[in-house]
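Breakdown of the fold
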Amino acid sequence: MTDNNAPIGVFDSGVGGLTVFREIMRQLPNERIVYFGDTARVPYGSKSPETVTRYSEQIVNFLKTLNVKAIVVACNTASALAMEEIENKYDIPMIEVVKPGAKAAAEATQNNRIGVIATEATIKSNIYCRYIKNLNNEISVTGKACPLFVPLVEEGLLNDPVTIDIAGRYLNDLIKIDIDTLILGCTHYPLLHETITRIMGGKVALINPAYETARKLKDLLTDLNLLTENKTLKDASHSHRLYVSDSAEKFKIFANTIINYRNLTTKTINIEEY
Ligand code: DGL
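First things first, this report covers the structure right here in the doc. Going along each chain's sequence as written, the residues are numbered from 1 onward. Since the coordinates come from a predicted model, pLDDT governs what is reported: local features require at least 70, and pairs of side-chain atoms require 80 or more to be given and counted, while whole-chain, interface and lining totals use all residues. With hydrogens and water excluded, all non-hydrogen atoms of the structure serve as input to the side-chain values.

Moving on, we get to the overall build of the protein chain. To qualify as a helix, a DSSP run of H or I must reach at least 4 residues; to qualify as a strand, a run of E must reach at least 2; elements of each kind are numbered from the N terminus. When you go through the protein chain residue by residue, the secondary structure sums to 11 helices and 10 strands. In terms of overall dimensions, the protein chain has C-alpha extents of about 50 × 40 × 35 Å along its principal axes. When each of the 274 residues of the protein chain is scored for burial, the buried share is 55%. Any two residues whose heavy atoms approach within 4.5 Å at even a single point are treated as in contact. Considering only residue pairs separated by 6 or more positions, the protein chain has 77% of its internal contacts joining residues 24 or more positions apart. Using a 1.4 Å probe, the Shrake-Rupley method yields the accessible areas, and only the shown protein chains count as cover for residues. Per element, the accessible surface of the protein chain, about 12,300 Å² overall, is 47% carbon and sulfur. Placing the 30 positive and 32 negative side-chain charges of the protein chain at their respective mean positions leaves the two points 3 Å apart. Burial classes follow relative accessibility: with a 1.4 Å probe on protein chains only, a residue under 20% of its type's maximum area counts as buried, one over 50% as exposed, and anything between as partly exposed. Counted charges follow a simple rule, with Lys and Arg positive, Asp and Glu negative, and His plus the chain ends left uncounted. To locate a charge, the coordinates of NZ of Lys, CZ of Arg, CG of Asp or CD of Glu are taken.

See the structure below:
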């Protein structure tokens with residue numbers, strides 16, 4: 001029987017999924033989260049579906065050893081390329097980030113023109129467009145891969161002139177076609193919110209799928225009767241944990257800038273063993 005007080009597993013290719021972690025913390029403050037960031041193998045966005053699926057399976061195998069009660073695939077690329085496969089393979093409640101993001105954007109657009117920025121793999125999969133068209137066929141969806149955003153974020157260059165310059169080049173095409181809604185279809189991108197707003201202007205709604213994903217997670221845990229009975233996360237034995245496949249120290253410093261939590265322990269594991 002699943003333990004209600006077991007943690008929720010959240011994973012991403014690197015630091016980006018911490019934006020989903022942060023939102024889950026906000027909406028489900030009593031839940032314990034174990035996070036895995038695949039920092040040794042990031043980026044996923046330029047890799048094949050087979051590779052991303054293999055990586056995702058290894059991560060799910062690892063998270064299962066921590067007895068998680070549910071898994072959030074907090075990586076758009078893994079959601080697009082591996083979700084179907086891992087959902088069928090494992091008997092554990094799972095949610096991903098693309099469907100919630102598509103739904104939030106379809107609800108937000110007024111002029112039926114949505115832009116999606118994401119990794120090359122996510123754009124190539126056309127998954128946002130398919131989900132949005134399923135919700136409303138009248139909406140036009142234009143995708144733009146922004147491959148340099150992930151390394152810029154991983155390097156912490158969030159508001160750097162280089163990032164602003166690159167963002168201007170990537171987003172120019174979307175400005176020209178007059179979108180009113182832009183999906184930040186990669187978990188790293190909400191960290192560039194300020195820069196992207198500066199380029200797109202205040203009239204374009206930026207959709208961060210994390211908000212809708214956390215809401216959906218709450219519904220899922222409620223439906224399955226899996227919400228924790230704990231009233232608070234107060235001691236070290238019952239706190240969030242971070243795991244990475246590369247340097248724990250570097251990751252912890254970055255994580256502390258995103259997540260305001262006093263007790264973040266970070267550990268490196270060898271993900272290839274799982
Ligand atoms: N953060 C991941 C995503 O949401 C991808 C970044 C990468 O590894 O390329 O798609």
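Looking at the element boundaries, Asn4 is found in the segment before β1 (8-12). The class of Asn4 is buried, set by a relative accessible area of 16%. In the structure, Asn4 is positioned 110 residues away from Ile114 in sequence and 38 Å away in space, judged by C-alpha atoms. Not counting chain neighbours up to four residues away, the residues in contact with Asn4 comprise Lys69, Asn225, Leu226, Leu227, Thr228 and Glu229. Polar contacts, as counted here, are pairs of nitrogen or oxygen atoms within 3.5 Å of one another; within protein the pair requires one atom able to donate a hydrogen and one able to accept it, and residues that are adjacent in sequence qualify only if both atoms are side-chain atoms. Reaching out from Asn4, the side chain makes a polar contact with the backbone oxygen of Asn225 at a distance of 3.1 Å.

Before going further, it helps to spend a moment on the packing of helix α8 (residues 161-176) against helix α9 (residues 193-200). Working convention: axes come from line fits to C-alpha atoms, limited for helices to the stretch in contact. Angles between N-to-C directions cover 0 to 180 degrees. In the contact formed by α8 and α9, the axes pass within 9 Å of each other and the chain directions differ by 50°. By the criterion of interaxial angle, the relationship of α8 to α9 is oblique. Crossing angle aside, the handedness with which α8 passes α9 is right-handed. Across the interface between the two elements, Thr163, Ile164, Ala167, Gly168, Leu171, Leu174 and Ile175 of α8 pack against Thr195, Ile196, Arg198, Ile199 and Met200 of α9. Its residues assigned to classes, the contact of α8 with α9 shows eight nonpolar, three polar and one charged. Angle categories: roughly parallel below 35 degrees, roughly antiparallel above 145, roughly perpendicular from 65 to 115, and oblique for all the rest. Crossing handedness is defined as follows: a turn of the near helix away from the far one that is anticlockwise and smaller than a right angle gives a left-handed crossing, while the clockwise case is right-handed. Each residue is assigned to one class: nonpolar for Ala, Val, Leu, Ile, Met, Phe, Trp, Tyr, Cys and Pro, charged for Asp, Glu, Lys and Arg, and polar for all the others, Gly among them.

Turning our eyes to something else, we now look at the site of the ligand. Residues are classed as near a molecule or strand on a simple rule: at least one heavy atom within 4 Å of it. Around the ligand, the surrounding shell holds 14 residues, and the nearest of these are Ser13, Tyr44, Asn76, Thr77 and Thr187. Thr77 places a polar side-chain atom, nitrogen or oxygen, 2.7 Å from an oxygen atom of the ligand. Contact with the protein chains removes 99% of the 300 Å² of surface that the ligand exposes when unbound. Residues that form the shell around the ligand fall into these classes: six nonpolar, seven polar and one charged.

By secondary structure assignment, the location of Ile92 is in the loop between α3 (76-89) and β4 (94-96). By relative accessible area, Ile92 is classed as buried at 13%. Counting along the chain gives 32 residues from Ile92 to Val60, while the straight-line C-alpha distance between them is 9.6 Å. Contacts of Ile92, omitting those with residues within four sequence positions, involve Lys64, Val68, Lys69, Ala70 and Ile71.

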